[in-house]
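Geometric and topological summary
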Amino acid sequence: ALASANTWPSTIGWLWASIASVLVLGYALRLRAMHQRLQKRNQVDDPRVLETLSRMSQKAGLRAAPELTESAELGSPIALGMGSHREICVPTRALQELDAGELEALLGHELAHHMRRDALRLNVMNALQAVFFFQPLFRVAARDIQFAAEEQCDAWAANQLDDRFAMA
């Protein structure tokens, strides 16, 4: 009876580690699929847009402006990478449909994500959710943190604009 009582913690530990490993692997596979989907992205070469990004990057205190790419595969812009490998990828239609003020707001919002290091925060939160899958409050906290990050990025971008309606 004592031998079987000692195997329960070990069994639970192996079960937890197995489930956590599968969930972390699932997250890694989703990231890989996203990166594969974005392999068809192109450099943005519009000097007007690049100048706006450069000016806003200086205001943000970034050493260098992130690389700016476009992809027809995206529905909304995304801040990718960290450190010296920062990138902002925007939907191709955004470059075609948005006016200068709206595009400045979009770039400002994504720059704010880089300033705040939200890509790192998102990866850590997703890994913690996978490892502590049995704790539903991690999902609630991660959702609230992501919502707060979006609001703070909107606020930073709005403060950089002359035209507040462009942010709206």
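Throughout what follows, the structure given in this document is the object of discussion. Model, not experiment: these values are computed from the prediction.

Looking now at the overall build of the protein. A tally of helices and strands in the protein yields 7 helices and 4 strands. Ordered by position from the N terminus, the helices and strands of the protein form the series α-β-α-β-β-β-α-α-α-α-α. Taken over C-alpha atoms, the radius of gyration comes to 20 Å for the protein, far larger than the 15 Å a tight globule of 168 residues would show. Taken along its principal axes, the extent of the C-alpha atoms in the protein is 75 × 30 × 30 Å. Looking at the protein as a whole, 33% of its 168 residues are labelled buried. Restricting to contacts in the protein with at least 6 residues of sequence separation, those with at least 24 account for 61%. Accessible surface for the protein amounts to roughly 10600 Å². Of this, 59% is attributable to carbon and sulfur atoms. Here the protein contributes 17 positively and 19 negatively charged side chains, and the mean placements of these two sets differ by 9 Å.

Any aromatic ring pair is given by two values, namely how distant the centres are and how the planes are angled relative to each other. Scanning the entire structure with this criterion turns up 3 aromatic pairs. Relative to Phe134, the ring of Phe132 lies with its centre 6.1 Å away and its plane at 80°, an arrangement referred to as edge-to-face. Exposure remark for Phe132: the relative accessible area of 30% places this residue in the partly exposed category. Between Phe132 and Phe138, the aromatic rings sit 5.4 Å apart at their centres with planes inclined by 10°, giving stacked as the arrangement. The partly exposed category is assigned to Phe138, whose relative accessible area is 24%. Taken together through their ring pairs, the aromatic side chains of Phe132, Phe133, Phe134 and Phe138 make up a single cluster.

Quick look at the pattern of salt bridges now. This structure, assessed with the given rule, holds 6 salt bridges. In this structure, Arg143 engages Asp144 in a salt bridge whose closest nitrogen and oxygen atoms are separated by 3.7 Å. Given a relative accessible area of 54%, Arg143 falls into the exposed group. On the basis of relative accessibility, which here comes to 42%, the residue Asp144 falls in the partly exposed class. Connected via shared salt-bridge partners are Arg116, Asp118 and Arg121.

What follows covers the environment of Gly75. Relative to the helices and strands, Gly75 is located in the loop between strand 2 (67-71) and strand 3 (78-80). Exposure remark for Gly75: the relative accessible area of 52% places this residue in the exposed category. In this structure, the C-alpha to C-alpha distance between Gly75 and Ala94, residues 19 residues apart in sequence, is 9.2 Å. Ignoring sequence-local partners within four residues, the contact set of Gly75 consists of Pro91 and Arg93.

Time to look at the environment of His113. Here His113 is to be found in helix 4 (residues 100-116). Here His113 falls in the buried class, since its relative accessible area comes to 10%. Linking His113 and Val49, residues 64 residues apart in sequence, is a C-alpha distance of 18 Å. Apart from residues no more than four positions distant in its own chain, His113 is found in contact with Ala79, Asp118, Ala149, Glu150 and Cys153.

So, how was this worked out
- Residues numbered from 1 in each chain as written.
- Predicted model: local features only at pLDDT ≥ 70, side-chain atom pairs only at ≥ 80, totals over all residues.
- Heavy atoms only, no water.
- Helix = DSSP H or I, 4+ residues; strand = E, 2+ residues; numbered from the N terminus.
- Rg over C-alpha atoms; globule rule 2.2 N^0.38 Å.
- Buried < 20%, exposed > 50% of the residue type's maximum accessible area, 1.4 Å probe, protein only.
- Contact = heavy atoms within 4.5 Å.
- Areas by Shrake-Rupley, 256 points an atom, 1.4 Å probe, with all protein chains shown as cover.
- Lys, Arg positive; Asp, Glu negative; His and termini not counted.
- Charge placed at Lys NZ, Arg CZ, Asp CG, Glu CD.
- Phe/Tyr/Trp six-rings, centres within 6.5 Å; stacked < 30°, edge-to-face > 60°.
- Salt bridge = Lys/Arg side-chain N within 4 Å of Asp/Glu carboxyl O.

Limitation: the analysis is restricted to geometry and does not speak to function.
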